[in-house]
Each structure stands twice: as C-alpha cells, then as structure tokens.
Amino acid sequence: MNFSLVREMMRKDFQEVRRNGYVFYSLLLLPILLVAVSVIDSLAIALSTSGQSRALLSTFSTIMVFIPAIVTSLIGSTSVILEKNNHSLEPLLATPITDSELFAGKALAPLSVGILLSWVAFTLYIVVMDALTYGHLGYLLFPTDLTLVQMFFLAPVTGMLGTFLTLLVSSKMKDVRAAQQVSALVVLPLLLLLFLPIVASGADLIINFVAGVGFLVAALIIFFVSVKAFRRETILISWGK
Amino acid sequence: MIQVSGLTRVYGSTVGVEDLNFEVGDAEIFALLGPNGSGKTTTLRLMTGMISPTNGYVSVDGTRTDQLKLLPEIHRKIGILPEVPGHYENLSAYRNLQFYGRMYGMSDDAIESRTKDLMVEFELWDKRDSPVATFSKGMKQKLAILRTVMHDPKYVFLDEPLSGLDPESSKFVRDYMKSLKENGKTVILSTHDLDDADKLSDRVAVIRNRLLAIDSPSALKAQAFKRTVVFHIESIRGLDLKEIEAMAFVNSARISKDSLVMEVDSPEKNNPDITAYLVGKGFRIQFIGEIRRSLEDVYLSIVEKSKEGKL
C-alpha cells in the first residue's frame, strides 16, 4: 500500500471539510456540547460522598466513546458518494491509486478526525471535572483506568467499527442524504445497542476491555468485507444508482 | 500503442459494446463518434481500465488493462478528462492540481513548476488561489484539461473537451490538442461535435455498440459519398438531363434551380468534358463548384445505414 497516496487523500478530505464552514463548526461544537452535558449531569454525583455513586461517573464519559462514530456519520458516510455525485470520482479513479488505498484514505480521514475530537472531549471532561471537584474532594477524580481504556481503546475501536460499517452501508445508497440518514439512523443506533450492555454492567473495566476486543474483531471483519465490496468498477457503475 | 481486441462489455442483459477491434497509434488524434448510448463512454472506460471487459481485452503499450495489479502502471501513462469536469469546488484551482500531481507521484517542486507553466499557458494563473466554485464553466473545463495533462501522460483521453467553451477558448483547446500530438502524445477524443472531429482527428471510429466504420475523415467521406460537382448556368432551360446521365463518368445528375448537380468519378478529369459539352450546347457557365461533404454527412449516413441494418 502506498501510504503517501492515502495520506494525500486524507489531507484533501480534511481540507474540504475545513472549507465547509457548516460541517467544520458542527464538528468543533460536538465535543464541547457533549462535555458540557456530561459535566452538568455528572457533577452532582461527583460531589456526593458516596464512593458507589462516583463509580457511576464513568457512564457519563462513555458517551464520548461515540464521537468517532458520530463524526463518521457526518462526514464519512458521504465522502465517496459525494465524489461520485460531484463527478470527481472518475478522474480520481484514473490516478494510480488502488481500490484498497482509496478505501483506506476515505476511511482514515473521518476516523482520525473523530478520534482526535474524542480525545479533545475526554481531555476537556477530565480537566473540567477535576477543576470543579478537586476543592471539594481533595484528590483528582480523573483520569481513571476505565477512562483511559475508553479514551485510547474503546473510542478508536468503536470509531473503526462505525466507519467501516458506514462505508459499507453507504455503498448501497442512492444519494448523499440517504447515506447520511442510514448512517445516523442505522449505524449509530446499532453501535448504541451494542454498547448498552456495557454501560448497564456498571462500567466494569474488564467488560469494557473485552467489549473493545470484540468490537475490534468485528471492525476487522467488516474492514475485509468492505474492501472486497469497494471495487472501482462497482463504485463507478452501481453506486448511486 | 493501444490495442483493442474483441472488446465486449455486457451490463446484465444490455450490451454496452460488442466485439470492438482497432488500434490507436502513437502521436495520433483518434476520435470516437456515436449517438447517445452508443457505448462511447463504456469504450473509454474499458480503454482506461476503469471497468473490465466481459470479453476481449485492451492493451496499453503491451500491458492489458484487466491485469488489475498493473493498472497503476497504466494509469501513470494516461490522463482522463470526463464529460463533467468534477473538481473539488471548495478548494483552490492550484490545490486541485497539486492534489492530482501528488496522486500521480510527482514531487512538490515538479508540481509547482508544471502547475505554473500550465496555468500561465491556459491563462488561469491569476486565479490560482480562487476556489473552483467561483470559476465560470469554461474556466472549469480548462482546469479539467490541465488536470488531465498535469502528469504529462502519453495517452490523453478527452470526453467532450470543447463542451462549454466560448469560441476563443475552443480554438485555444483545439490548438493545444494539436500541440499534444506534435509533442508525441496520443489523443483519444469522444465528441458530438463532428466539425471538431473533422478538423482535429487523424482517424475516427463510428460506433453504435459495435464498430461501424473506422478511417481518416477524408477516407470515410470518399467511401460514403461520390464527389459532387455543381455547374451554375445562366439559363438552364433546354438542358437534356438524359444526355448528361448517359456520360460514362456521371453517376447521377439532377437540376436544382439554375444549377446542374452531378455525382462524378473525378471532378479533375471530368469537369473539362462536361464544360465542353455544355459550352457546345450554347449554355453560359457562370461558375463551377464542388459540394464538400462534412464528417457529419458521413456520420449520419453511417448511423442511418446501421439503423436500417445495412451495416
């Protein structure tokens, strides 16, 4: 795989998102909003004296695990279908890029933005929660082992699963709106359903880790299925029909 | 050289193209002509390896386009201009070209100098930092042509390259295509503009899901029509058309207003005899001309024959 082509593809996609003010500022707003909501909801629990209650705090940070998948539903679901609708796909497919390099470029752009934004959100949440609770508790509440697993393992893996699933599903869609709708109404709820048992389990570290491994395996399976489905001929002739 | 051999592409139960056989030589301008839905785009896509054939093959300099592992190697040799320019409209013109330069593995220095040269030549340099969305249709088309030749490909595939261009830009692009040929590049052109194909092409292929005719425009004209001469006569009353038709070299004759219109074997050889006959009969000839058949006449004749099942 020629990574310089993949990197250039990602860079171009980033720049297109950056130039699209509506999408770009929505993306910036996403971690801020999620952190604000999580802080408001979890502050009372954090300040309570019960250690058991504080164990529930990790469920609030769980929402940030979904940021990469949400970002994918915003920008990843449309990236290929948009190229086709804008007629830029044909000249792109005429370059020496291979099908798997194109898939990797298209998948990695939204995935890396999503992971970056989730880390920004986790960091903001940790800093704000510690700043607000340190005076009362006398110790730093975050980061916990669980937060770190969520931040550096579960969020990227959930993002991968969401991205590959979204690209696979969007390949069957007729237009940009359909791709986004399916991504938001099918892929995200599916991920949420997969995640609910983990949250319900009381946010146990081991369960989170095992779930992460399960998601990783699922993501890899979907990756290989997606790469097989991601053939230039199929994209050129069938996609968007 | 590009070799097309037994090329067939079927979409479900629909035949895109069937059993195409031709070659495109180096430094040649080759035009693909055909009605809408005749398989021109399918042929271009097959020739560039964008889609694979159901039967037959295309080889570019000896490498078959259905060998997917070798496709990047083929794609370095070819540039494709699709019918719709398809730019990244939010990005600048320069960034669009830079992106494609990098995708073709060009160094940033090479991209910079090539982009500047081309944009200056195409009078787009002053607009290099403007988003493509702000460009006129003609400017977008010019930029798309620059993108196509950015990596200096040996084979340039152009689908309707003059579409949307004003007459001045159109002439500029035509001249540019000729200069590509002079520099040893091969241009494969798909167009509806038969006048352009006539002026530009060394050879044309007329397709309607299969190859109907292939040759130089002048050879196709000669094959499709006998040469037609017109004698404008001061007063044509009293002319005996049967005597004219009886001449061995006259294939057909008719009177149109004050003109005698004849299909003859060779105007250079036959006009003096016709002139002598008419003068001898007392007719005063005002001037003699030849009806030039356009490629459009040839094309329409070929397509019509194909529809009637005569080809």
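Residues numbered from 1 in each chain as written. Chains lettered and ligands numbered in written order. Predicted model: local features only at pLDDT ≥ 70, side-chain atom pairs only at ≥ 80, totals over all residues. Heavy atoms only, no water.

## Some thoughts on the overall build of chain A
Looking only at helices and strands, chain A has 12 helices and 0 strands in total. Secondary structure of chain A in N-to-C order comes out as α-α-α-α-α-α-α-α-α-α-α-α. Computed over its C-alpha atoms, the radius of gyration of chain A comes to 19 Å, within 12% of the 18 Å expected for a compact globule of 241 residues. Taken over the C-alpha atoms alone, chain A extends approximately 65 × 35 × 30 Å along its principal axes. Restricting the contact set of chain A to residue pairs at least 6 apart, pairs at least 24 apart contribute 84%. Of the roughly 10,600 Å² that chain A leaves accessible, carbon and sulfur atoms contribute 72%. Side-chain charges of chain A comprise 15 positive and 13 negative groups, with the mean position of each set lying 7 Å from the other. (Helix = DSSP H or I, 4+ residues; strand = E, 2+ residues; numbered from the N terminus. Rg over C-alpha atoms; globule rule 2.2 N^0.38 Å. Contact = heavy atoms within 4.5 Å. Areas by Shrake-Rupley, 256 points an atom, 1.4 Å probe, with all protein chains shown as cover. Lys, Arg positive; Asp, Glu negative; His and termini not counted. Charge placed at Lys NZ, Arg CZ, Asp CG, Glu CD.)

## Some words on the sheet that holds strand 7 (residues 155-159) of chain B
Residues and elements named next belong to chain B. The strand order across the open sheet built from 6 strands is 6-7-8-3-9-10, with neighbouring strands paired in mixed fashion. The two strands at the open ends of the sheet, each matched to only one other strand, are strand 6 (78-81) and strand 10 (211-215). Pairs of neighbouring strands in the sheet enclose a mean axial angle of 15 degrees, with direction left out of account. Packing against the sheet, helix 11 (residues 295-307) makes contact with strand 3 (29-33), strand 9 (203-207) and strand 10, and its axis sits at approximately 30 degrees to strand 9. (Pairing = 2+ DSSP bridges. Axes fitted to C-alpha atoms, helices over the stretch in contact; angles between N-to-C directions.)

## Let's talk about the packing of helix 8 (residues 217-224) of chain B against helix 11 of chain B
All names here are of chain B. One can describe the packing of helix 8 onto helix 11 by two numbers: an axis separation of 9 Å at closest approach and a directional angle of 55 degrees. Relative to helix 11, helix 8 is oriented oblique. In the crossing of helix 8 with helix 11, the sense of the turn from one axis to the other is left-handed. From helix 8, Pro217, Leu220, Lys221 and Ala224 reach across to helix 11, where they touch Leu295, Val298 and Ser301. Partitioned by chemical class, the residues of the contact of helix 8 with helix 11 number 5 nonpolar, 1 polar and 1 charged. (Parallel < 35°, antiparallel > 145°, perpendicular 65-115°, else oblique. Left-handed = near helix turned anticlockwise from the far one by under 90°. Nonpolar A, V, L, I, M, F, W, Y, C, P; charged D, E, K, R; others polar.)

## Focus on the nonpolar core
Generally speaking, a soluble globular protein has its nonpolar side chains buried in company with each other. Ile2(B), Met47(B) and Phe157(B) are the most contacted members of the largest nonpolar core, which totals 95 residues. Here the element with the most residues in this core is helix 8 (residues 99-137) of chain A; it accounts for 13 residues. When residues no more than four places from it in sequence are discounted, the contact partners of Ile2(B) are Phe22(B), Glu23(B), Val24(B), Met47(B), Val58(B), Ser59(B), Val60(B), Tyr155(B), Phe157(B) and Ile188(B). Membership of the second largest hydrophobic core comes to 46 residues, among which are Val132(B), Leu146(B), Leu200(B) and Val206(B). (Core = buried A, V, L, I, M, F, W, Y, C linked by side-chain atoms within 4.5 Å. Buried < 20%, exposed > 50% of the residue type's maximum accessible area, 1.4 Å probe, protein only.)

## Details of the interface of chain A and chain B
In this assembly, 26 residues from chain A lie in contact with 27 residues from chain B. When the two sides are added together, the surface that chain A and chain B hide from each other amounts to roughly 2,600 Å², 62% of it contributed by carbon and sulfur. Connecting chain A to chain B are 4 salt bridges. At the junction of chain A and chain B, the tally comes to 12 residue pairs in polar contact (both at pLDDT 80 or more). When contributions to the side of chain A that touches chain B are tallied by element, the ones reaching two or more residues are helix 1 (3-19), helix 7 (89-93) and helix 12 (232-237) of chain A. The element best represented in the side of chain A that touches chain B is helix 1 of chain A, accounting for 8 residues. Considering only residue class, the side of chain A that touches chain B consists of 10 nonpolar, 7 polar and 9 charged. (Buried area = accessible area lost by both parts, 1.4 Å probe. Salt bridge = Lys/Arg side-chain N within 4 Å of Asp/Glu carboxyl O. Polar contact = N/O pair within 3.5 Å; in protein donor to acceptor, adjacent residues only side chain to side chain.)

## A closer look at the pairing of strand 9 of chain B
Residue and element names in this part refer to chain B. Counting buried positions along strand 9 yields 4 of 5 residues, so the element is predominantly enclosed. The pairing of strand 3 with strand 9 spans 4 bridges and is classified as parallel. Bridge pairing links Leu33 to Val206 in strand 9. Pairing between strand 9 and strand 10: 4 bridges, direction antiparallel. When the bridges of strand 10 are listed, Ala205 appears paired with Ile214. Hairpin remark: strand 9 followed by strand 10, antiparallel, with 3 residues in the connecting loop; positive phi at Asn209, about 70 degrees.

## Details of unusual backbone geometry
Look at the link from Phe142(A) to Pro143(A): it is a cis peptide, with omega at 0 degrees. Note on placement: Pro143(A) falls in the loop between helix 8 and helix 9 (145-170). If you check the backbone angles, Asn209(B) has positive phi at about 70 degrees while not being a glycine. By the secondary structure assignment, Asn209(B) is in the loop between strand 9 and strand 10. Not every positive phi belongs to a glycine, and Lys257(B) is a case in point at roughly 55 degrees. In this structure Lys257(B) comes out as exposed when scored by relative accessible area, which is 79%.

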